[in-house]
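Coordinate analysis (summary)
Residues per chain are reported as follows:
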Number of protein chains: 2
Amino acid sequence: MLPKAVEPLQFESLPQVSLETGNGKTKSVAPLHKLTDADLNPFILNAKYAVRGRIPMEAEKLKHQLVEHPGSLPFDKIINANIGNPQQLDQKPLTFYRRVLSVLEDPELIETAEIASIFPADVISRAKELLKSIGSIGAYSHSQGVKIVRDAVANYITRRDGFPADADDIFLTAGASTAVSYLLELLATGPETGFLIPIPQYPLYTATIAMNNATAVPYYLNEDDDWSIDPTELVRVIENSIAEGVIPRCLVLINPGNPTGAILKEDDIAELLGVAAKYSIFVIADEVYQENVYRGEFVSVKKVLRKLQSSDKSGYYDDVQLASLHSTSKGLTGECGQRGGYMELIGLDPSVRAQINKLASISLCGPVTAQALVSLMVNPPKPGDASYPLDHQQREKVYGDLLKRAHLLFSSFNEMEGVSCQNPMGAMYCFPRFDLPEKAVLESQRAGVAPDVFYCEQLLLHTGICTVPGSGFGQVEGTYHVRTTFLAPGTDWIEQWKTFHAEFMATYR
Amino acid sequence: MLPKAVEPLQFESLPQVSLETGNGKTKSVAPLHKLTDADLNPFILNAKYAVRGRIPMEAEKLKHQLVEHPGSLPFDKIINANIGNPQQLDQKPLTFYRRVLSVLEDPELIETAEIASIFPADVISRAKELLKSIGSIGAYSHSQGVKIVRDAVANYITRRDGFPADADDIFLTAGASTAVSYLLELLATGPETGFLIPIPQYPLYTATIAMNNATAVPYYLNEDDDWSIDPTELVRVIENSIAEGVIPRCLVLINPGNPTGAILKEDDIAELLGVAAKYSIFVIADEVYQENVYRGEFVSVKKVLRKLQSSDKSGYYDDVQLASLHSTSKGLTGECGQRGGYMELIGLDPSVRAQINKLASISLCGPVTAQALVSLMVNPPKPGDASYPLDHQQREKVYGDLLKRAHLLFSSFNEMEGVSCQNPMGAMYCFPRFDLPEKAVLESQRAGVAPDVFYCEQLLLHTGICTVPGSGFGQVEGTYHVRTTFLAPGTDWIEQWKTFHAEFMATYR
């Protein structure tokens, strides 16, 4: 029983093996040894994801320290301003959503005598309607997602844009990240494939591009003009890239912007679509913050495309290929942990669609409760529905709190010495710029970290406020930024940040 | 407003661009054109996933036809025996699980006056315990998963194996597929990376290997000996592969087997671990069917490894690297649509663990309700708990139905002319072998499909029974198999299959 099955191998008898290291070089390795990271996929090694990187990991350790040794730090809790995770912080789930999902988890609730005194009638009727179509939420759905949910999404988009949408073009995904992953891995054919990404950007993009051995082609947002995109600059970047042998295949637009909080103007989107049409560039519109609008107006890329297509009869815009992404994780829903989302695909060749279908099939399906949540998000209670008054009041509260803290953060940053911040228009982030004194830069060099990392680390160690250094998102060389959410409850932490900053400047000025 | 932003490009002015096509060849393409599949990642184009492939897609069309034109086909419904999707078919969700999840979705239920008359006390206490640790299920969890759930998993493994497990080694994943995806993409460094996969296998493996440009190194299971693995044959395959320059980095064991329904013997696992130790091969133990056992006994690879490590003092087995996968989708839980699962990582270098952490971070986290479901699966109601009697009775029913249909299918196949089937030991599949007559093979060639595809297609068109041809899983050249689940309710469909088969043989014999 349990014999040693085989004799130990004579390692020296085996040839060294040449392996590609991903940068065109090769290395020789003994084929048989316990794996270390040097043996792994070099493209994955290259990927970076700062949102849960160095500073958040330090914060996690400090959180444990506070539990084990209360009072051992100059603060009594960690403020997680590093990640857009509303329900970890102040934001309460919308009651209507959760009640319907509760019934979907336990449909026998409908049969109980007590149900009518617990849940309003529209909760029950909505749950019944979903259950009739879904069956059990414990069964795999169609790879593209439950049809009744895709119908609801198509109706939402039609209402939003004033142009029809088709349920067949909708794919339900596990958050928007899954959609990004499908699209990028499908479009990436090697280092000659370029992905035009805004700088600063949400690092999911650079990480996924790196993992797929493609090339990120950065285009810089104009900080001084509300982080806008200059189409002329974009064309320059494209032409340069082509000249260097990297074909830009895909343009990523994040609107409203993460981490910038900017919202693209309709005219700018039209110009960008003109560029995409000219160069046959696939457009990914990451629109997960479309409900988080504080100034100006959100206009979807799809709507602008349809307007262009109907006003321009030359057919110039007909072949634009667009994937528009949305999610249940942000907005007033804020249900990050449920992992719901959708993408709408427009203008794709059927052979490309078939490959996306295949990728979705291999992953089987997104969580079915989250698919149901998508249908609730795009079709919330209406005036007259039993759940409407409470739902409306909850939405007003969530929105009002976000707006209040966005303003407070914005004005606080602009009061701090050497700090400037654009007035956030959307999303849930500020991305203030810090003109750090020479002495702080020298100190960070001594510590062997980038100056923005040094600042964020000091901020964390002194106040417990966890943010992400701008270098994780990209920034103009020699400038330093910090991304912070405005989700954390209360305003005390903003006061603490101001106090810290004054002390930091007094030390390093 | 909405100007045409840029002049149409002079396409002929742009150089042709050389692209790798993935098989070492290059092609020239005009850089600017609407994408077709020829422009996409060739490794993704190469991936195949038969479980939702040709036959299931035909079945989907027939299902629509039956809705639109009832009575237009020789059957009145589709029997989805192609995919292990219990709750799409007969299997009811376990009430205890769903009640707890229902409270997690709407924690305000706990505060209602009626709750005590709706849910047993252990449902409420379990939900409270989870909520206390999780907070809101709408927040992203730790990338590795909620700690209290990982603790529960570690306790389960400790009880199951009699060897301790550590919550730090547990990663909660969105089904087992996500774990497979992380591991394979991380280990794949190019075509010189070999993945030893059983033939027949679950096509997630070949698909993911293809997508990551690595090499599937097949080892054949011995059909005549309950689909067992011969370690000597495995060594031969490894040595051959090394000689050809493909280093086997990873051994995939599917136990209980999909599609074979076989269960590995403890002694065989020990020998296979000896091979893995000798050649420093990372082991993936896909153990998602560990609860689906009808004959013999399931012993985990981890348990055998720990036994070997404690009995062998030479340290021979100390460096074995193991990932063991489990899921909430199968077994008596059968909650495919919830997307829950875990992997336990043993013996990995910290630098490799760090990369898996990073991949999990980039995906943010698995669905949090599904994480909670994992904790319920590994810690179900115990005798004495209020929910125990019903839960126990439901489990007996699910298990009994599976066992009954497994036997019936097995004996039915062996009664059919030219068909042989191993007696299923575990999982939820039979993989019978069909010795198809020469005339049927010729007919399939005329139709331009493989003989097993031809058989499955005829079966579908005549009876509505949807299965998957053996070629989707791999089979010895010249043999033909069909994978069918034994989940579909009733026994009528098995009788219909027998009738069809007799007619098929009468036609082509």
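Named according to an unreviewed UniProt entry, chain A is Glutamate pyruvate transaminase originating from Brettanomyces naardenensis. Within the UniProt record for chain A, the comment given under Cofactor (unreviewed entry) is "pyridoxal 5'-phosphate". Looking at the Sequence similarities (unreviewed entry) heading of the UniProt record, one finds this comment for chain A: "Belongs to the class-I pyridoxal-phosphate-dependent aminotransferase family. Alanine aminotransferase subfamily."

All names here are of chain A. Domain assignment breaks chain A into domain 1 (11-46), domain 2 (50-89 + 392-508), domain 3 (95-139) and domain 4 (140-377). Placing the centre of domain 3 and that of domain 4 at their C-alpha centroids yields a distance of 33 Å. Taken residue by residue, the interface counts 15 residues in domain 3 and 15 residues in domain 4. Here domain 3 and domain 4 share an interface that buries about 1300 Å² over both sides, 69% of which is from carbon and sulfur atoms. Among the residues of domain 3 in contact with domain 4, Y97, L101 and A139 are the three that bury the most area, contributing 44% of the side total.

A few words on the interface of chain A and chain B. Note on interface size: it is often stated as the accessible area lost on association of the parts. Counting residues at the interface gives 120 residues for chain A and 121 residues for chain B. In this assembly, chain A packs against chain B so that about 10100 Å² is buried in total across both faces, 60% of it on carbon and sulfur atoms. At the boundary of chain A and chain B, one finds 4 salt bridges. At the surface where chain A touches chain B, the tally comes to 41 residue pairs in polar contact (both at pLDDT 80 or more). The class makeup of the residues in the side of chain A that touches chain B is 56 nonpolar, 34 polar and 30 charged.

This part is about the pattern of salt bridges. On inspection of all chains with the given rule, the structure shows 40 salt bridges over all chains. For K147 of chain A, the salt bridge identified is with D151 of chain A, shortest N-O distance 3.1 Å. Residue K147 of chain A and its partner D151 of chain A are both found in helix α6 (residues 147-161); the two are separated by 4 residues, about one turn of the helix. In this structure K147 of chain A comes out as partly exposed when scored by relative accessible area, which is 44%. Taking the shortest distance from any N to any O, the salt bridge between K498 of chain B and E415 of chain B comes out at 2.8 Å. On the criterion of sequence distance, the pair formed by K498 of chain B in helix α17 (residues 492-508) and E415 of chain B in helix α14 (residues 388-415) is long-range, its members being 83 residues apart. Look at E415 of chain B and you get exposed, because its relative accessible area is 55%. Taken together, the shared-partner salt bridges connect R54, E58 and E457 of chain A into one network.

Conventions used here
- Residues numbered from 1 in each chain as written.
- Chains lettered and ligands numbered in written order.
- Predicted model: local features only at pLDDT ≥ 70, side-chain atom pairs only at ≥ 80, totals over all residues.
- Heavy atoms only, no water.
- UniProt positions renumbered as here; feature names shortened; annotations may be inferred.
- Domains from an automatic or database assignment.
- Contact = heavy atoms within 4.5 Å.
- Buried area = accessible area lost by both parts, 1.4 Å probe.
- Salt bridge = Lys/Arg side-chain N within 4 Å of Asp/Glu carboxyl O.
- Polar contact = N/O pair within 3.5 Å; in protein donor to acceptor, adjacent residues only side chain to side chain.
- Nonpolar A, V, L, I, M, F, W, Y, C, P; charged D, E, K, R; others polar.
- Helix = DSSP H or I, 4+ residues; strand = E, 2+ residues; numbered from the N terminus.
- Buried < 20%, exposed > 50% of the residue type's maximum accessible area, 1.4 Å probe, protein only.

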